[in-house]
Amino acid sequence: MISLNRAAHELIDSAETVELLYDRDRQVVALRAADDSSPHAYAVRNGSTRGPGQAIVSATAFTAHYGIDTTATRRWKPFVEDGMLCVDLTTEGTVITGNRTKTTEDPAAASAEAPASTEAAETPQGHAEENTNDAD
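This is a predicted model, so every value here is computed, not measured.

Criteria and cut-off values
Residues numbered from 1 in each chain as written. Predicted model: local features only at pLDDT ≥ 70, side-chain atom pairs only at ≥ 80, totals over all residues. Heavy atoms only, no water. Salt bridge = Lys/Arg side-chain N within 4 Å of Asp/Glu carboxyl O. Helix = DSSP H or I, 4+ residues; strand = E, 2+ residues; numbered from the N terminus. Buried < 20%, exposed > 50% of the residue type's maximum accessible area, 1.4 Å probe, protein only. Core = buried A, V, L, I, M, F, W, Y, C linked by side-chain atoms within 4.5 Å. Lys, Arg positive; Asp, Glu negative; His and termini not counted. Polar contact = N/O pair within 3.5 Å; in protein donor to acceptor, adjacent residues only side chain to side chain. pLDDT = per-residue confidence, 0-100. Contact = heavy atoms within 4.5 Å. Phe/Tyr/Trp six-rings, centres within 6.5 Å; stacked < 30°, edge-to-face > 60°. Pairing = 2+ DSSP bridges.

**Remarks on the pattern of salt bridges**
Right, on to step 1. A full pass over the atoms with the stated rule returns two salt bridges.
Right, on to step 2. In this structure, glutamate 19 and arginine 32 form a salt bridge, with 2.9 Å as the shortest nitrogen-oxygen distance. Remark: arginine 32 occurs in strand β3 (residues 28–33) and glutamate 19 occurs in strand β2 (residues 17–23); sequence separation between them is 13 residues.
Right, on to step 3. Relative accessible area serves as the criterion here: at 34%, arginine 32 is assigned to the partly exposed category.
Right, on to step 4. In this structure, the salt-bridge partner of arginine 26 is glutamate 81, at a minimum N-O distance of 2.9 Å.

What follows is the structure in structure tokens.
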């Protein structure tokens, strides 16, 4: 799953559908606003029950198809290129852990070994998160 905050979603004009693109050579994932009639369009869902804000795109099949590592939730700084919201996967990204990954073990050991999912990006304009451990 790819999660975008409002500011990141606005960088692609708050699109209701997007195409997910992957440049294997550069290892860059991109979201491009698309018409819902596009054969490869993905719906953008509201990720919050409290109103607009977080936007969610199911990307499990996409990441599996391209062999993109989703074993940890990560956040990256996105950039805009040719009207697309992009994330460079060659940068390490920040591993994100939350309440779902906490254990009752020693906190120091848990933070070093906590299971995670995968998130994508933070910037003054917003962030995009990729989280694929949740069921779609």
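**With respect to the nonpolar core**
General note: in soluble globular proteins, nonpolar side chains tend to be found buried as a group.
Right, on to step 1. Core analysis: the biggest nonpolar cluster contains 20 residues, and Leu4, Val18, Leu20 and Leu31 have the highest contact counts within it.
Right, on to step 2. Among the secondary structure elements, those contributing two or more residues to this core are β1 (2–4), β2, β3, β5 (55–57) and β8 (84–88).
Right, on to step 3. The greatest single-element share of this core, amounting to three residues, is contributed by β2.

**Observations regarding the side chain of arginine 74**
Right, on to step 1. Locating arginine 74 in the fold gives a position in strand β6 (residues 74–76).
Right, on to step 2. The charged side chain of arginine 74 is buried without a salt bridge, its nearest counter-charge being glutamate 92 at 4.8 Å.
Right, on to step 3. There is a polar contact of 3.4 Å between the side chain of arginine 74 and the backbone oxygen of glutamate 92.

**Topic: the confidence of the model for the protein**
Right, on to step 1. Of the residues in the protein, 68% reach a pLDDT of 70 or more, and the chain-wide mean stands at 77.
Right, on to step 2. Across the protein, element-level confidence peaks in β3 with a mean pLDDT of 97 and bottoms out in helix α3 (residues 107–113) with 33.
Right, on to step 3. With pLDDT under 50 throughout, residues 101–126 is counted as low confidence; its partners more than four residues away or in other chains account for 69 contacts.
Right, on to step 4. For the stretch residues 132–136, pLDDT sits under 50, and the model shows 15 contacts to residues farther than four places along the chain or on other chains.

**Topic: the packing of aromatic side chains**
Right, on to step 1. Within this structure, the stated rule accounts for two aromatic pairs.
Right, on to step 2. Taking the centre distance of 5.2 Å and the plane angle of 50 degrees together, the rings of tyrosine 22 and tyrosine 66 count as tilted. Of the two residues, tyrosine 22 is situated in strand β2 and tyrosine 66 in helix α2 (residues 60–66); the sequence distance between them amounts to 44 residues.
Right, on to step 3. An aromatic cluster of at least three residues, connected via ring pairs, comprises Tyr22, Phe62 and Tyr66.

**Section: the pairing of β2**
Right, on to step 1. In terms of burial, β2 is a largely internal element, five of the seven residues being buried.
Right, on to step 2. Two strands pair when backbone bridges link them, and β2 and strand β4 (residues 41–46) are joined in this way by three bridges, in the antiparallel orientation. Among the inter-strand pairings, threonine 17 is bridged to a residue of β4, identified as alanine 43.
Right, on to step 3. Taken together, the six bridges between β2 and β3 define a ladder with antiparallel strand orientation. Bridged to leucine 21 within β3 is alanine 30.
Right, on to step 4. Linking β2 to β3, which pair antiparallel, is a turn of four residues; within it glutamine 27 sits at a positive phi near 55 degrees.

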